[in-house]
Amino acid sequence: MGVRRGGRWLLRPVTFGVPEGVVGLAGPPGAGKSTLLATFATLRRPNAGALHILGHDITNAAGQRAARAAIGYLPARFARADHMTAGEFVEYAAYYKRTSVSAARSVARRLDLAEAARTELALLPPDVRLRAGLAAACVHEPDVVLLDDPFGELCAAAEPWPTGAAGPGGHTLTAAMAELVPVLRSLAPTVVVTADATETLTGWCDRLLTLARGRLTEQPTQSAAARRGRSAADRRGADVPDPRGAVPQAILASGRRPAPPRRRAARRTLSDVPLPRLTLPRLARRPPARSATGV
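Remember, it's a predicted structure, so these values are computed and weren't measured experimentally.

**Considering the packing of aromatic side chains**
In step 1: In this structure the tally under the stated criterion is two aromatic pairs.
In step 2: With 6.3 Å between their ring centres and 80 degrees between their planes, F151 and W204 make a pair best called edge-to-face. Highlighted residues: F151 in the loop between β7 (144–147) and α6 (152–158) and W204 in the loop between α8 (198–201) and β9 (207–212), separated in sequence by 53 residues.
In step 3: F151 sits in the buried class, given a relative accessible area of 2%.
In step 4: The ring of W9 has R4 lying over it, and the distance from NZ or CZ to the ring centre is 4.8 Å.

**Some details on the layout of surface pockets**
In step 1: Empty space within the second largest pocket amounts to approximately 760 Å³.
In step 2: Taken together, 21 residues make up the lining of the second largest pocket; nearest its centre are I71, Y73, Y96, K97 and H140.
In step 3: Contributions of two or more residues to the lining of the second largest pocket are made by β6 (71–74), α3 (86–96) and α5 (126–137).
In step 4: Of the residues contributing to the lining of the second largest pocket, the split by class is 15 nonpolar, four polar and two charged.

**Re the sheet that holds strand β3 (residues 21–26)**
In step 1: Across the sheet, which stays open at both edges, the six strands sit in the order β6-β7-β8-β3-β9-β10 with mixed pairing between neighbours. The strands lining the two open edges of the sheet, one partner per strand, are β6 and β10 (215–219). Averaged over all neighbouring strand pairs, the angle between strand axes comes to 20 degrees, with direction disregarded.
In step 2: Sheet topology note: the β3/strand β8 (residues 190–195) ladder contains six bridges and is parallel. Across the sheet, the residue bridging to A26 is A195, located in β8.
In step 3: Where helix α1 (residues 33–40) meets the sheet, it contacts β3, β6, β7, β8 and β9, and its direction lies at approximately 160 degrees from that of β8.

What counts and what doesn't
Residues numbered from 1 in each chain as written. Predicted model: local features only at pLDDT ≥ 70, side-chain atom pairs only at ≥ 80, totals over all residues. Heavy atoms only, no water. Phe/Tyr/Trp six-rings, centres within 6.5 Å; stacked < 30°, edge-to-face > 60°. Helix = DSSP H or I, 4+ residues; strand = E, 2+ residues; numbered from the N terminus. Buried < 20%, exposed > 50% of the residue type's maximum accessible area, 1.4 Å probe, protein only. Lys NZ or Arg CZ within 6 Å of the ring centre and 35° of its normal. 1 Å grid on protein atoms, 1.4 Å probe; cavity = no way out; pocket = protein on both sides within 12 Å on 5 of 7 lines; lining within 4 Å. Points joined across faces, edges and corners; volume = space filled by probe spheres on them. Nonpolar A, V, L, I, M, F, W, Y, C, P; charged D, E, K, R; others polar. Pairing = 2+ DSSP bridges. Axes fitted to C-alpha atoms, helices over the stretch in contact; angles between N-to-C directions. Contact = heavy atoms within 4.5 Å.

Written as C-alpha cells, this is what we have:
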C-alpha cells in the first residue's frame, strides 16, 4: 500500500506485514509516522493498494467494523478531560467501546492505576497519565495496539532541567521508561510503537523499522537477528559444545576438521537489556526571575 499527504508520498507503495510482537517505527518529525499509524487505525484509507488487518479488508464497511473492534489506538496527544479522574477516564472509554465497568476497573488494576483512580488527570505525573491513556486504549482487550509516540510527553517533561539528559530530568525519564517498557510489551499480541529517535526503541522491540523520505527500512535488532531463520530447536542447540568433546557424526563423515566451538552467550532477560539512551536538547540556563534579562 501507499500513503500520500499534501502531494508527496509519506509511504511509497510497498508490500509488508506486521507480525506478532512489538514493532518499533522510528523517523524524524514530519516523516509521516502519525499519518501511517492513523491509516493502520482505519481513520484514513491508503491512497494506493490495500490494507488488511487481522484478515479484514478495510475497504468495505463490514471489514472496517471488524478491524476496529480489535484495534486499540492511542494518539500522541490524546484528548482528555483534565477535570476527570483517571478512573472516570478509563470507565468513559469502556462505555464508548461498549465494555463493562468491571473490565475498566480490571485493566486499571493491571496497569497499576488503583491509587491514582480518584485523582484528576491534570494533577498526575506524565507517566501515570500515560498509563491512564493505555488503559483507555486497551479496555476492550484488543489484538493490535497502536501507540503514537507514547514517550513524547515524558521527554518534554524532562527538558526543562538545565543539565539536560545527565541531570535529574534524564534520570526520572530513564526510570519511568524502565517501568513502562514491560507494560507496553504486555498490552496485546501485536504492539506498534513510534518514536522520533531510533535509540528510544532499540534494545526492547522485536522488530524495528525506520521511515524516511517515504521509504520503510528494517533495522537489525539483537532479538530479531537471533531468531531470524532459526527454529526454537535450532536456537536451543546452537553453539553448544558436546560436554564429552565428541565431534558430530556429520562432521566426521565429511572428513573436514571441525572449527573450535564457540562459547554461547548468556541469554538476557528484559531486565538485563540496557535502557535506550535519550538525547535531550541542551538548554540555556535561565536568568534570575528579577533580573533585567529575565524581564
